[in-house]
Amino acid sequence: MNDLFPDSLDPDHLGFDVVPLLYPTFFAIYPQVPDIPRLKVQQSALCRAAGRRVAARPGEILHVSLVGVSSLRRRTTSLERALQKAAVDFDFPRFEMHFDRLAAFGSDGRALVAVADDDAQHQVRLLNGILRRLLALAGMSSPSSVGVAHMTLGYGDM
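Position numbers for residues start from 1 in each chain and track the written sequence from start to end. Given that the model is predicted, a residue must reach a pLDDT of at least 70 before its local features are reported, and side-chain atom pairs must reach 80 or more before they are shown or counted; all residues, however, enter totals for whole chains, interfaces and linings. Calculated side-chain values reflect all of the structure's heavy atoms, with hydrogen atoms and water omitted.

> Give me the overall build of the chain: which residues, what numbers.
Counting from the N terminus, the helices are the DSSP runs of H or I reaching at least four residues and the strands are the DSSP runs of E reaching at least two. Within the chain, the regular secondary structure consists of five helices and six strands. Mapped in sequence order, the helices and strands of the chain form the string α-α-β-α-β-β-α-β-β-α-β. Contact definition: two residues touch when any of their heavy atoms are within 4.5 Å. In the chain, of all internal contacts separated by at least 6 residues, the share reaching a separation of at least 24 is 74%.

The structure is reproduced here in structure tokens:
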């Protein structure tokens with residue numbers, strides 16, 4: 001029998017609040033659009049020089065992950081309103097991300113990543129702390145560990 005409510009799994013019909021239930025939800029730093037072509041050239045060169053076959057990720061999705069949203073149970077308002085309020089309260093100075101080395105990440109080491117330098121690591125830790133506090137005020141939680149700030153360039157063979 002066909003689904004009597006075929007739109008029931010379409011996020012557009014369910015509303016914004018269902019997005020974290022269907023997809024990973026997190027804050028991230030994305031490169032500015034004018035920087036993407038230059039970044040893609042560097043990414044291609046680094047993937048070729050990795051000493052193994054590495055399939056580069058699309059330049060448009062390259063990012064540095066920040067805070068993930070892991071729990072929405074305590075939320076007292078819609079996700080959209082909570083994020084709008086957080087955006088009003090959010091204040092963090094602009095900073096540049098610099099990467100100073102490559103590494104293999106993941107349990108299988110397949111991810112080729114550019115690791116942020118010490119200054120950028122510090123800024124990302126500060127930014128994560130502010131984002132976690134704003135999420136908590138909106139009734140949401142996030143993982144407490146920040147991890148290593150990095151940009152995944154591609155995935156390859158061992």
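> So what's going on with helix H5 (residues 118–137)? Which residues, and what values?
Spanning 20 residues, H5 covers 29 Å between terminal C-alpha atoms, matching the ideal 28 Å at 1.5 Å per step. The complete set of buried residues in H5 reads Ala120, Gln121, Val124, Leu127, Asn128, Gly129, Leu131, Leu134 and Leu135. Those residues of H5 that are buried are in contact with strand E1 (26–29), strand E3 (64–68), helix H4 (79–89) and strand E5 (111–116). Remark: Gly139 follows H5 within two positions and exhibits a positive phi of approximately 80 degrees. Helix span is expected to be 1.5 Å times the residue number reduced by one. Each residue is assigned to one of three classes by its accessible area relative to the maximum for its type, calculated with a 1.4 Å probe on protein chains only: buried under 20%, partly exposed between the two thresholds, exposed over 50%.

> Tell me about the pattern of salt bridges, and name the residues and values.
Salt bridge, as used here: a side-chain nitrogen of Lys or Arg that lies within 4 Å of a carboxyl oxygen of Asp or Glu. Taken as a whole, this structure holds three salt bridges when the rule is applied. Glu60 serves as the salt-bridge partner of Lys40, at 3.5 Å between the closest nitrogen and oxygen. Taken together, the residues Lys40 in helix H3 (residues 36–48) and Glu60 in the loop between strand E2 (54–56) and E3 connect sequence positions 20 residues apart. Residue classification places Glu60 among the exposed positions, given a relative accessible area of 52%. Arg101 is paired through a salt bridge with Asp100; the nearest N and O atoms lie 3.6 Å apart. Exposure remark for Arg101: the relative accessible area of 47% places this residue in the partly exposed category. You can call Asp100 partly exposed: its relative accessible area is 48%.

> Before we move on, can you summarise the side chain of His63 with the specific residues and values?
Topologically, His63 is positioned in the loop between E2 and E3. When its relative accessible area of 12% is taken as the criterion, His63 is described as buried. Engagement of the side chain of His63 in a polar contact is seen with the backbone oxygen of Ile61, the distance being 2.7 Å. For His63, the contacting residues outside a window of four places in its chain are Phe26, Ala28, Ile29, Tyr30, Arg57, His150, Met151 and Thr152. Under the rule applied, a polar contact is a pair of N or O atoms within 3.5 Å (in protein, one hydrogen donor and one hydrogen acceptor; residues adjacent in sequence only if both atoms are side-chain atoms).

> With reference to specific residues and values, describe the side chain of Arg57.
Inspection of the secondary structure assignment puts Arg57 in the loop between E2 and E3. Counted as positive: Lys and Arg. Counted as negative: Asp and Glu. His and the chain ends are not counted at all. Although Arg57 is buried, it makes no salt bridge; Glu60 carries the closest opposite charge, 10 Å away. Sequence-distant contacts of Arg57, that is, excluding residues within four places in its chain, are made with Gln43, Leu62, His63, Thr152, Leu153, Gly154 and Tyr155.

> If you had to explain the pairing of strand E4 (residues 99–105) to someone new, which residues and values would you point to?
Across six bridges, E4 lies against E5 in antiparallel orientation. Following the sheet pairing, Ala103 is matched in E5 by Val113. Taken together, E4 and the strand that follows it, E5, pair antiparallel across an intervening segment of five residues, in which Gly106 is found at a positive phi of about 95 degrees. Here the rule is simple: two strands pair whenever DSSP picks up at least two bridges between them.

Function-wise, these values are silent; they only describe arrangement.
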